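# Analysis of the macromolecular model
Below, each chain spelled out in residue letters.
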Amino acid sequence: MSKKVRYFAEYLGFRFIETIVRVLPKPALNSLAHSIALLVFHVIKYRRDVALDNLACAFPEKSDTERYAIAFNSYKHFALLIIEFMKMSSFTPEDLDKMVKIEKTPEVNTILKESKEKGTILVSGHFGNWEIAIALLATKYFESVSAIQARQRNYIVDKYIADKRRRWGIDLIYSRGAVTNALSAVGKNRLLGLLPDQDGGKRGVFVPFLGRMASTPVGAATLHLRSKSTLIFGCCLRTAPFQFKGYLVPLNIDSDLPLNRENAQIVTTRFTAELEKYIRQHPEQYLWMHRRWKTKPPENVE
């Protein structure tokens with residue numbers, strides 16, 4: 001089978017499942033997510049050992065039974081996240097507003113008020129439901145939103161998913177060569193969203209994360225230090241199927257720090273610690289099957 005035919009078959013499979021998801025009522029979708037998790041976790045066992053190893057390092061104080069339960073619930077959470085993303089085509093901005101309750105602290109109100117006058121960089125992670133969060137921010141709280149994303153290997157699926165995100169008014173910036181376009185976005189007082197919690201390879205900076213030193217992409221820190229834009233952490237925690245609570249946390253990092261690798265590490269450490277705090281409170285909503293610690297730190301990094 002040629003690559004083009006395989007990609008088209010994958011696209012048709014995605015659209016077929018999406019069609020089923022769109023017509024099913026919400027209570028049935030929670031059961032569907034549970035069934036998918038059972039299949040992937042117990043039968044296919046996709047990266048199950050990776051997830052359990054990551055949990056053992058992050059939560060050595062928990063029993064094997066507790067970590068096993070967290071891992072399974074994480075698979076269910078991400079099955080439901082994919083289903084929610086497929087279902088989003090039938091949502092309205094009003095639907096999103098009903099699903100997500102953002103905690104409005106005085107600091108958050110200040111961020112939202114000043115967003116029209118200054119670019120804002122929002123960092124999060126593969127945690128909670130970032131898809132619904134960025135869609136809500138784009139339709140209700142910020143006049144213009146950009147998001148950095150990686151290209152999918154299947155270019156047909158990639159285009160379809162990108163079009164679904166653009167429906168909410170999100171301008172997409174692909175991660176390869178993103179710096180120039182990202183700086184332009186924050187320079188135009190846009191909200192720029194990133195998920196800098198994947199392995200950063202040899203170019204990343206090593207920061208503490210869930211019990212291990214993790215190579216982390218420097219893009220978010222570099223953009224903040226170059227643009228002097230407001231830097232915030234955000235997450236959207238699931239409280240029930242299709243119900244969430246959103247948090248926006250000002251990171252309050254010295255805006256006068258010059259751009260260098262040491263300061264990039266300081267900034268990255270700060271927002272990574274904020275992500276870790278929320279993960280430890282709700283570990284079942286994190287992507288444990290990702291090889292987050294693939295790049296090993298040099299011996300002198302502790």
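Residues numbered from 1 in each chain as written. Predicted model: local features only at pLDDT ≥ 70, side-chain atom pairs only at ≥ 80, totals over all residues. Heavy atoms only, no water.

Time to look at the overall build of the protein chain. Across its full length, the protein chain carries 11 helices and 9 strands. In terms of overall size, the protein chain behaves like a compact globule, its C-alpha atoms giving a radius of gyration of 19 Å where 302 residues would be expected to give roughly 19 Å. In terms of its C-alpha atoms, the protein chain occupies a principal-axis envelope of roughly 50 × 45 × 45 Å. Expressed as a percentage of the 302 residues in the protein chain, the buried residues total 50%. Considering only contacts within the protein chain whose residues lie at least 6 apart along the sequence, 79% involve residues at least 24 apart. (Helix = DSSP H or I, 4+ residues; strand = E, 2+ residues; numbered from the N terminus. Rg over C-alpha atoms; globule rule 2.2 N^0.38 Å. Buried < 20%, exposed > 50% of the residue type's maximum accessible area, 1.4 Å probe, protein only. Contact = heavy atoms within 4.5 Å.)

Summed over the entire model, instances satisfying the criterion amount to 0 disulfides. You can see Cys-235 has no disulfide; the closest cysteine sulfur is in Cys-236, sitting 7.8 Å from it. Judged by its relative accessible area of 6%, Cys-235 is buried. (Disulfide = S-S within 2.5 Å.)

Let us now look at the environment of His-290. Tracing the sequence through the fold places His-290 in the segment after α11 (261-281). For His-290, a relative accessible area of 16% puts it in the buried group. Spatially, the C-alpha atom of His-290 lies 10.0 Å from that of Asp-197, the residues being 93 residues apart in sequence. Once residues within four sequence positions are removed from consideration, His-290 is found in contact with Arg-47, Val-50, Asn-54, Asp-197, Gln-198 and Asp-199.

Running from N to C, helix α1 (residues 3-23) and helix α4 (residues 64-87) cross one another at 80°; their axes reach a closest spacing of 9 Å. Regarding the angle of α1 to α4, the classification is roughly perpendicular. Where α1 approaches α4, its residues Phe-14, Ile-17, Glu-18, Val-21, Arg-22 and Val-23 are matched on the opposing element by Ile-83, Met-86 and Lys-87. Grouping the amino acids of the contact of α1 with α4 by side-chain chemistry returns 6 nonpolar, no polar and 3 charged. (Axes fitted to C-alpha atoms, helices over the stretch in contact; angles between N-to-C directions. Parallel < 35°, antiparallel > 145°, perpendicular 65-115°, else oblique. Nonpolar A, V, L, I, M, F, W, Y, C, P; charged D, E, K, R; others polar.)

Let us look at the packing of helix α10 (residues 219-227) against α11. Where α10 meets α11, the axes come as close as 8 Å, and the angle between the chain directions of the two elements is 115°. In this structure, α10 crosses over α11, and the sense of that crossing is right-handed. Residues Ala-220, Ala-221, His-224 and Leu-225 of α10 touch α11, and the partners they reach there are Asn-263, Ala-264, Val-267, Thr-268 and Phe-271. Here the residues of the contact of α10 with α11 sort into 6 nonpolar, 3 polar and no charged. (Left-handed = near helix turned anticlockwise from the far one by under 90°.)

Moving on: the sheet that holds strand β2 (residues 120-123). With respect to topology, 7 strands assemble into an open sheet ordered β1-β9-β8-β2-β5-β3-β4, the strand pairing being mixed. Only two strands of the sheet have a single neighbouring strand rather than two, namely β1 (100-102) and β4 (170-174). Between one strand axis and the next, the sheet turns through 25° on average, direction left out of account. In the sheet, β2 pairs with strand β8 (residues 230-240) via 4 bridges, with the strands oriented parallel. Opposite Thr-120, over in β8, you have Thr-230 as the bridge partner. (Pairing = 2+ DSSP bridges.)

Looking at the secondary structure, you find Asn-129 in the loop between β2 and α7 (130-141). Side chain to side chain, Asn-129 and Glu-84 meet in a polar contact 2.7 Å long. One polar contact links the side chain of Asn-129 to the main-chain amide nitrogen of Glu-131, over a distance of 3.1 Å. Filtering out sequence-adjacent residues up to four positions away, Asn-129 remains in contact with Leu-81, Glu-84, Cys-236 and Phe-244. (Polar contact = N/O pair within 3.5 Å; in protein donor to acceptor, adjacent residues only side chain to side chain.)

Time to look at the layout of surface pockets. The calculated volume of the second largest pocket comes to roughly 260 Å³. Among the secondary structure elements, those contributing two or more residues to the lining of the second largest pocket are α6 (106-114) and β8. In terms of residue count, α6 provides more of the lining of the second largest pocket than any other element does, 4 residues in total. Classifying every residue of the lining of the second largest pocket by side-chain character gives 4 nonpolar, 8 polar and 4 charged. (1 Å grid on protein atoms, 1.4 Å probe; cavity = no way out; pocket = protein on both sides within 12 Å on 5 of 7 lines; lining within 4 Å. Points joined across faces, edges and corners; volume = space filled by probe spheres on them.)

We now examine the pattern of salt bridges. Going through the model one piece at a time under the given rule, you end up with 14 salt bridges. A salt bridge links Arg-6 to Glu-10, with the shortest nitrogen-to-oxygen separation between them at 4.0 Å. Within this pair, Arg-6 and its partner Glu-10 are both found in helix α1, separated by 4 residues, close to a single helical turn. Assessed through its relative accessible area of 32%, Arg-6 is described here as partly exposed. Of the charged contacts in the structure, one is a salt bridge between Arg-151 and Asp-158, with a shortest N-O distance of 3.9 Å. Owing to a relative accessible area of 57%, Arg-151 belongs among the exposed residues under this scheme. We classify Asp-158 as buried; its relative accessible area is 6%. Taken together, the salt bridges that share partners define one network made up of Arg-15, Glu-18 and Lys-164. (Salt bridge = Lys/Arg side-chain N within 4 Å of Asp/Glu carboxyl O.)

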